[in-house]
Structures are given as structure tokens and as C-alpha cells.
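# Geometric and topological summary
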Amino acid sequence: MQLISRRGFLGSVAAAGLAAAATAHTATARADDAANSASATGRIPHEVEEHRVLVVGSGFGGGVSALRLAQAGVPVVVLERGRRWPAGPNSDTFPSATSPDERALWFGGAAEVFGRPVELPRYTGLLEASVGHNMTAVLPTGVGGGSLIYQGMALQPTEELFYDWFPGAIDWREMDHEYYPRVARMLRLAEAPDVLIESPQYAASRYFAQRVRDTGLPLSKIPMPIDWDYALAELRGEMRPSYTNGDSSLGVNNGGKNSVDVTYLAQAEATGLVDVRPLHDVRAMRRTPDGSWELDVDVLDVGGNLLKTLTLRAPALILAAGSVNTATLLGRAEANDAVTDLPGAIGEGWGTNADRIYIWTDPTAGFPAEQGGPVVYGSLNWKDPASAHTVIQASLPSVGVPIHSTVLVGYGVSADRGRIVYDSAQDRGVIEWPAGGDGHIVQQHISRTANAIAGATGHLTDTNEILNSTWHPLGGAAMDRVCDLEGRVFGQRGLYVIDGALIPGTTAACNPSLTIAAIAERALDRIVRHDVGHVF
């Protein structure tokens, strides 16, 4: 996939203080580089394997699928193009947001930190940018998927909002009573304790809360998949800061973050039936004459160099590679006639969740140079479903000197949709986003709320005006258009989509993770009940 320019990526990840520089490679060129690294000896090992279920991707959809199938006695192979990122007290597994290295970027290239160029080696790092027309999507890699680097806001839409944006055949009461709580238990959701919030490092959180109250907006603590005792231990000096200095936007080194790798996937692997394979990059999929599914896989080292290739076959294939990558695999298969009779809406119904990231600068606010995070409070403006939106405050990593700034993040409901179109010349799915998309909810509601919170002494820099970007791509194989409500692709026995691609372009003014996981839990209950032993 094409990488983004320095200036552009700075806009999309300004909160992390990171900017990627463009490499000259397209996806095809980078694949050629990898092939060359292995073919220098003239020997590229190739193996063929047969399995029962293949899962592409290890984020929420892949993690839920692996665990629930394994608990039903089904062996599963999970393929993840990124590496494992083990964390624990005082570890340095993840790169620092203020001094990022090659671990930050997929297949490396150059980078710059606050305008200072840094040369980075080629690496299978955490983030890749999918550059499209009028929109760039930030794509995470690694065992655990987006849960490795997401802030973790776990919000559940109201019944009214859910039915406004999801098919009515999904029973809200069942979601509310069974699937959302099930995910909450798995992720061990918790709100930040008051003793932590009262510390000097969380002054920005307290100021945000006061400004929200002063403007008469609703204020809520945000449930997070975090063991807050780790942050308290940092305050006591028992481990190096990771939460309490805001250096958690590229992963939390100290641990305590209940990401998919240490929850769903850890339990799945403990069954003995799940084989999670990092650094396995799925290049193509096809349907064989006997009706089974086949994948072409490149096995990489951490530098992105090709070690060997695999052909994997199974009667069931679950695509959980994230919205853009899942839609790309389907689009490539359709374009190459590797899978015929796919639904015509592949790539359609794609949305951004109306993401917006602002840098909030106010010299009078007392924002500390070191800000505790990731997120404590938010303002959930959901009273009117037609304009429902959320604004939260997130920590800004320290750069060593006061910059009198913090971060606001907004998202909301929007009917605007784009699509992902497979481009054979670039060998990738290209985002096509309408000019001015999400403009109404952003300009009339999200931006107004953010400016009200910032007040007369505050100034907002809208990073989306530097580069229009989203960290929450949704759709491309949406339910009721490409798949049924459980992710079964119409007309394709044994093919499933269980990830953000299944979501119809928005999660109704909420961060997507909780809803993606809850929809996946609902789907797997039904797949285990009706498909295991019959379809595969």
C-alpha cells in the first residue's frame, strides 16, 4: 500500500507527534523488494497446507472468531501480517510517540519528528497509511490489530441510535443484555479512578471536564480497557511512565492495556486449537473448484523481507483484516476472477465514523508538559439522534517543554459514504471519498462543540484540514449489502467477513471497537450454532 507524505501523515497523527515520509514504492514495488531479498539466493521455499478454518487478521473480529471457534472445538489458523508486541512493566517494545523509530511504520522509509528528519530502516511497524481520494485511512498492523494502538474509548450507542444506523433485524435488547456486556467483561473495562485524576499529570483532563460543565454540555467518564493500577504505580515511581506522560498513542509499554492479544487471542491460544502466525502477509485469495478457499501468503521477517511463501487451503475463510484490507482482498479476487459471483456492493458503503482530531492550545489553561492519559472524560451529545456526536480529551505526548496544548477527538453520525475500488495498476484498494464528506456533522455539530469547550482563550487546529484522515474506517463489505447479519458473504459458502468492513459506515457516535467486537460475538454465536459441522 502507498505510504503518505511527511506533511500529510503529520496531520493524521499530530496527537502522537509522528510523521511518515513517502517512500517511492507502491504495494507492488514493495512486494518486489521483498521477493528480491529472498530470490537473491535463487531459492524461495514454498509449502502447501490444509486447515479447517483460516482467519485473516488478528484484531477484534479475528480475535473473537478464533476464541469462539476454538471453544467449540474447531482448530483455527490466524494469519497476521504484523509482529507480536509483548508489553510489561518497564518494557520498550513499542516506540515512543515523541521519538519514533522504525517500529512505528510498516515497511519503514524516512520519518520526521516535529520537523526533524530521521532515517528509519525498513520494518514491519505498527502503522500504514492508505492514501485515497479526499481521504487517508490509518491502518494498524500487529497481533492484536487496532487494539494495540487505539486509545480504547469503549462506548455503547443508545437503543435509538443503534436502530437508526444498524439493521432492525439485530435485536437491540440481545446486544444490550448479552453481547456488549460480554465484550466489556473480556476487555475488563474500567473508568479512571478519582485519585489518579487528581494528580498533577491529569490537569488537562480536569480542565476539560470543567470547561464541559461550564458550557452546559454533558460530561461522562469513559470506560477504558485499562488496569488503572498501572498508572497509579507509575505515579508511585514503581515503573517508568507510559500512561502518566501521555506516551501511549503508539502502544503502552508498561502493559495493563487489555488489548486483543492479551485477552481474546491469549485465551484462544490457551485452548491448544489456535495457531496465531505473525508476519504472515496474505497476498491473494481464491475459490477452488471443489469449493474450498485458498490463500497465497508471504512469510516475512521483521524487516519485511520474504522468507518463504505458502498456499493455505480450508473449507472456511474469515476475513478480519480491517475495513480497507478486507475490501481490498475481495476486490482483488473479483478483478482477477479468483472468486466469481461476489456481491456487487463490494467496497461500497464505506465511512469514516466522522473522525476529527484537534490540537487545543490555550496558554491560560495550565496544560502540563506531561499529560496523563490515554482518555478520562468525554462529552456525549446524543440527545438528538440526527446530530449525535462525541468529543473527548486525549493526552498529548510530552516534548520536554510546555506547548500549552492537548488533544480533542470528535466523531459522530453521518450518512455520507465513499467506496473502496480495487486498482490493478497499484494492486491496492483505493479509497474514493466525496469532497466535503461528513461536512454537516463536523461543521454544524462536532466543531461547534469542540470550539465551545475550548472557549474564548483557546485555539483549535483541525488536523483534518491539513490532511483529511480517519483512524476508524468502516464498511466495504457491509451487512445487508455484501453479507448477512452474521458476516456470511452472500452466495459464497464458507466465506465470512467479521471486522470493521461488516459495519455500515458508522458506529453511531461511538468509538467502533466495542460495537465491532459485540457484532462479532453475536455472529460467532450463530456461526457456531448453525455452520460448524455443516459448512465446515
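Our subject is the structure that appears above.
Right, let's walk through the structure included here.

A few words on the packing of aromatic side chains. Describing an aromatic ring pair means giving the distance of the ring centres and the angle of the ring planes. Under the counting rule described, the total for this entry stands at 12 aromatic pairs. Taking 4.7 Å as the distance between ring centres and 10 degrees as the angle between the ring planes, the aromatic pair formed by Trp106 and Phe107 counts as stacked. Each member of the pair, Trp106 as well as Phe107, carries the same accessibility label: buried. Judged by centre distance (6.1 Å) and plane angle (75 degrees), the rings of Phe162 and Tyr163 are edge-to-face. Classification of Tyr163 as partly exposed rests on a relative accessible area of 32%. Here the aromatic residues Phe162, Tyr163, Phe166, Trp172 and Tyr180 are joined through ring pairs into a cluster of three or more. We note Arg122 situated over the ring of Phe107; from NZ or CZ to the ring centre the distance is 4.5 Å.

Across the sheet, four strands lie side by side as 2-13-12-11; this open sheet has mixed pairing. Each of the sheet's edge strands pairs with one partner strand only, and the pair in question is strand 2 (46-50) and strand 11 (280-287). Strand-to-strand, the axes of this sheet are offset by a mean angle of 20 degrees, without reference to chain direction. Sheet topology note: the strand 2/strand 13 (residues 306-314) ladder contains five bridges and is parallel. Residue pairing across strands places Val48 opposite Thr311, the latter belonging to strand 13.

Further remarks concern the pattern of salt bridges. Per the stated rule, a full pass over the model turns up 28 salt bridges. Across the pair Arg182 and Glu521 runs a salt bridge, and its minimum N-O distance is 3.0 Å. Separated by 339 residues along the polypeptide, Arg182 in helix 5 (residues 172-187) and Glu521 in helix 13 (residues 512-530) bring together distant segments of the chain. When the shortest N-O distance is used, the salt bridge between Arg419 and Glu432 registers 2.8 Å. On the criterion of sequence distance, the pair formed by Arg419 in strand 19 (residues 419-423) and Glu432 in strand 20 (residues 428-432) is long-range, its members being 13 residues apart. Residue classification places Arg419 among the partly exposed residues on the basis of a relative accessible area of 36%. Several salt bridges converge on common partners, so that one network encompasses Glu50, Arg286, Glu294, Asp296 and Arg313.

At the junction of Gly373 and Pro374, the peptide bond is cis and its omega measures out at 5 degrees in the coordinates. Structurally, Pro374 can be placed in the loop between strand 15 (356-361) and strand 16 (375-381). Here Asp480, not a glycine, exhibits a phi torsion of approximately 75 degrees, which is positive. You can see Asp480 is positioned in the loop between strand 22 (469-470) and strand 23 (495-497).

Here is what the cut-offs are and how they apply
Residues numbered from 1 in each chain as written. Predicted model: local features only at pLDDT ≥ 70, side-chain atom pairs only at ≥ 80, totals over all residues. Heavy atoms only, no water. Phe/Tyr/Trp six-rings, centres within 6.5 Å; stacked < 30°, edge-to-face > 60°. Buried < 20%, exposed > 50% of the residue type's maximum accessible area, 1.4 Å probe, protein only. Lys NZ or Arg CZ within 6 Å of the ring centre and 35° of its normal. Pairing = 2+ DSSP bridges. Helix = DSSP H or I, 4+ residues; strand = E, 2+ residues; numbered from the N terminus. Axes fitted to C-alpha atoms, helices over the stretch in contact; angles between N-to-C directions. Salt bridge = Lys/Arg side-chain N within 4 Å of Asp/Glu carboxyl O.

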